[in-house]
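Commentary on secondary and tertiary structure
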Amino acid sequence: MRDTLAVILGGGAGSRLYPLTAHRSKPAVPLAGKYRLIDIPISNCINSELLRMFVVTQYNSASLNRHVARTYRFDRFGTGFVTILAAEQTPGSHDWYQGTADAVRQCLKHIDPYPHRRVLILSGDQLYRMDFNTFAAHHRSSWADLTVATIPVTADQAPGFGILKTDADGIITQFHEKPQRDQLDGLDSPVSDAMREQGRVYLASMGIYMFERDVLREVLLADPDEADFGHQILPAAIASRRVVSYPFDGYWSDIGTVRSFYDANIALAGPDPEFDLYDEDAPIFTNARMLPPAKIQDARVRHSMIAEASVVTHATVEDSVVGIRSFLSGGSVLRRTVMLGADYLPWRDPGRRPGLNPPLAPGVGPRSVVEGAIVDKNVQIGADCRITNEAGVQEADGDGWFIRDGIVVLPKNAIVPDGTVI
């Protein structure tokens, strides 16, 4: 992979993931209690020995930039790097990034000076594990100008994706952006027998692309008004270039909504998740915080993950993810909940806490019950609260809380008073 550069897209406003994106970009959203979404594509690159990466950022990018700068520092004797390319106004461009393709187009002047033959374009908000060496080998052996990673989906899933049709040789011949279910006739592609038995006969674009260097420049510079890879660049390339599908049948989740974020995290806490965080041959890297172990005191924990520096005392935790420095006090109950953790524990000196006017006691107070929720960082839940959405409300905005897809979301730094019922 020494002849390849990786460009990881930092994402836009992330409105479908709001309020988790109120203070951060999508790739900066915490995952599995201790990671951030951006750690997934960067780790895939490192594990594939692709060590030259650019992370293109724009929206709400301060925490993402800080995390990348603190975490990914390669030694001075190697050629590896992870470099932030923040949106900028220049004499040649007065606009911010208008889409995924426009972001890469505006960054070409920073990418071009590095010697390379190929560019791998990745998304910063997906959960998957892929060996990019295998991807690159497929690209080379197919003599492709552009290779698109694809995943088989069912007819029910297809309307949520860009659907690609291939011939028997894996050459992409058609692209249809989020076709309706009644428009799928003739859009199936050759897939394995196992995929066909599951009804997964439609190939969805994963938003992962490998371009030959010259091809990338040509397609991006041909029309400066084409701003998006999926909607514009890819369909045009199919008509004039050799565009090949790279079939992928492993676990992949596009973390684009509150529901997909919640489901992916809860699945990781299960007894046999499809995505294996414990694969020693392909670890997920993140910021080495040097935190103490979690402390569990007279508590009941079932099918859950509890991150470092958390303290769970006389509490019940079931089917949940508990993030770093979380505090659960006596008699509290956490079920089917994703708790993103905190920047400090309740007893830390207030004068030494990060942020402006942070909550006094982040964590879950005595006898409070939290079910089916996402609790963002530094949230303070008082005593005797019930956050369960018993009425089954699907969408709502309240005073310091939100409901999205039936999931209660408590935003960062929220304070939930004693006795609150949501």
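The model shown is predicted, which means the values in this text are computed figures rather than measured ones. (Residues numbered from 1 in each chain as written. Predicted model: local features only at pLDDT ≥ 70, side-chain atom pairs only at ≥ 80, totals over all residues. Heavy atoms only, no water.)

1. Topic: the overall build of the chain
Of the regular secondary structure elements, the chain holds eight helices and 31 strands. Here the chain holds 422 residues, and the buried ones make up 55% of them. Here the contacts in the chain between residues at least 6 apart in sequence split such that 62% fall between residues at least 24 apart. Per element, the accessible surface of the chain, about 18,900 Å² overall, is 48% carbon and sulfur. Computed over 42 positive and 51 negative side-chain charges, the inter-centroid distance for the chain is 7 Å. (Helix = DSSP H or I, 4+ residues; strand = E, 2+ residues; numbered from the N terminus. Buried < 20%, exposed > 50% of the residue type's maximum accessible area, 1.4 Å probe, protein only. Contact = heavy atoms within 4.5 Å. Areas by Shrake-Rupley, 256 points an atom, 1.4 Å probe, with all protein chains shown as cover. Lys, Arg positive; Asp, Glu negative; His and termini not counted. Charge placed at Lys NZ, Arg CZ, Asp CG, Glu CD.)

2. Examining the sheet that holds strand S19 (residues 321-322)
By definition, the strands of a sheet pair up through backbone hydrogen bonds, in either a parallel or an antiparallel sense. Taking strand neighbours across the sheet as the criterion, the seven strands line up as S16-S19-S22-S25-S30-S29-S28 in an open arrangement whose pairing is mixed. Each edge of the open sheet is held by one strand with a lone partner, namely strand S16 (305-306) and strand S28 (396-397). With two bridges connecting them, S28 and strand S29 (residues 402-404) associate as antiparallel partners. Paired with Asp397 across the strands is Phe402, a residue of S29. (Pairing = 2+ DSSP bridges.)

3. Quick notes on helix H2 (residues 62-71)
Inspection of H2 places Ser63, Leu64, His67, Val68 and Thr71 among the buried residues, and these make up the whole buried set. Considered in projection along H2, the buried side chains sweep an arc of 130 degrees and stay on one side of the axis. Turned more than 90 degrees away from the buried face of H2, the exposed residues are Ala62 and Arg70. In this structure, the buried residues of H2 make contact with strand S3 (35-36), helix H1 (39-47), strand S4 (52-57) and strand S5 (81-86). (Arc of directions from axis to C-beta.)

4. Section: the side chain of Thr71
Its place among the elements puts Thr71 in helix H2. Overall, the relative accessible area of 17% leaves Thr71 in the buried class. Of the polar contacts made by the side chain of Thr71, one reaches the backbone oxygen of His67; its length is 2.7 Å. Not counting residues up to four positions away in its chain, the partners in contact with Thr71 are Thr286 and Asn287. (Polar contact = N/O pair within 3.5 Å; in protein donor to acceptor, adjacent residues only side chain to side chain.)

5. Some details on the packing of helix H3 (residues 100-111) against helix H6 (residues 213-222)
Relative orientation of the contacting elements H3 and H6 amounts to 110 degrees, with a least axis distance of 10 Å. As the angle between them shows, H3 and H6 are arranged roughly perpendicular. Here H3 runs over H6; the crossing is left-handed. Two secondary-structure elements touch here, H3 through Ala101, Val104, Arg105 and Leu108 and H6 through Leu216, Arg217, Leu220 and Leu221. For the contact of H3 with H6, the residue count by class is six nonpolar, no polar and two charged. (Axes fitted to C-alpha atoms, helices over the stretch in contact; angles between N-to-C directions. Parallel < 35°, antiparallel > 145°, perpendicular 65-115°, else oblique. Left-handed = near helix turned anticlockwise from the far one by under 90°. Nonpolar A, V, L, I, M, F, W, Y, C, P; charged D, E, K, R; others polar.)

6. What about the pattern of salt bridges?
Taken as a whole and judged by the stated rule, the model has 19 salt bridges. Residue Arg24 is joined to Asp376 by a salt bridge in which the shortest nitrogen-to-oxygen separation is 3.0 Å. Of this pair, Arg24 sits in the loop between strand S1 (4-9) and strand S2 (30-31) while Asp376 sits in the loop between strand S25 (373-375) and strand S26 (380-381), and the two are 352 residues apart along the sequence. Since its relative accessible area comes to 2%, Asp376 is described here as buried. Where Glu318 meets Arg300, a salt bridge forms, and the shortest distance between an N and an O atom there is 2.2 Å. You can see Glu318 sitting in strand S18 (residues 316-318) and its partner Arg300 sitting in strand S15 (residues 300-302), a full 18 residues away along the chain. Connected through salt bridges with shared partners, the residues Arg300, Glu318, Arg335, Arg336 and Glu371 form a single ionic network. (Salt bridge = Lys/Arg side-chain N within 4 Å of Asp/Glu carboxyl O.)

7. Some remarks on the environment of Val68
Mapped onto the elements, Val68 comes out in helix H2. Sequence separation between Val68 and Asn287 is 219 residues; the distance between their C-alpha atoms is 8.3 Å. If we skip the residues at most four places from it in the chain, Val68 touches Ile38, Val82 and Ile84.

8. Details of the packing of aromatic side chains
In this structure the tally under the stated criterion is 11 aromatic pairs. Ring geometry for Phe54 against Tyr114: centres 5.4 Å apart, planes inclined by 70 degrees, an arrangement best described as edge-to-face. Of the two residues, Phe54 is situated in strand S4 and Tyr114 in the loop between H3 and strand S6 (118-123); the sequence distance between them amounts to 60 residues. Accessibility expressed as a relative area gives 2% for Phe54, which makes it buried. Given the relative accessible area of 31%, Tyr114 is considered partly exposed. Ring geometry for Tyr209 against Phe229: centres 5.4 Å apart, planes inclined by 35 degrees, an arrangement best described as tilted. (Phe/Tyr/Trp six-rings, centres within 6.5 Å; stacked < 30°, edge-to-face > 60°.)

9. A few points about the sheet that holds strand S27 (residues 386-387)
Ordered in space as S15-S18-S21-S24-S27, the five strands form an open sheet in which the pairing is parallel. Since the sheet does not close on itself, it has two edges, and those belong to S15 and S27, each with one partner.

10. Let's talk about H1
One turn of an α-helix holds 3.6 residues; hence residues three or four places apart share an orientation. Across the nine residues of H1, eight count as buried, placing the element largely inside the fold. Buried within H1 we find Asp39, Ile40, Pro41, Ile42, Ser43, Asn44, Cys45 and Ile46. Once H1 finishes, Glu49 follows within two positions and takes phi at roughly 60 degrees, a positive value.

11. What to know about the side chain of Ser368
With respect to the element layout, Ser368 can be found in the loop between strand S23 (363-364) and strand S24 (369-371). In this structure Ser368 comes out as buried when scored by relative accessible area, which is 0%. Side-chain polar atoms of Ser368 contact the backbone nitrogen of Asp384, separated by 3.2 Å.

12. A look at unusual backbone geometry
Glycine aside, residues mostly have negative phi, and peptide bonds are mostly found in the trans state. Across the junction of Tyr18 and Pro19, the peptide omega takes the value 10 degrees, indicating a cis bond. Relative to the elements of secondary structure, Pro19 occurs in the loop between S1 and S2. Of note in the backbone geometry, His314 takes a positive phi value of approximately 55 degrees without being a glycine. Tracing the sequence through the fold places His314 in the loop between strand S17 (311-313) and S18. Residues other than glycine seldom take positive phi values, yet Asn413 does so here, at roughly 70 degrees.

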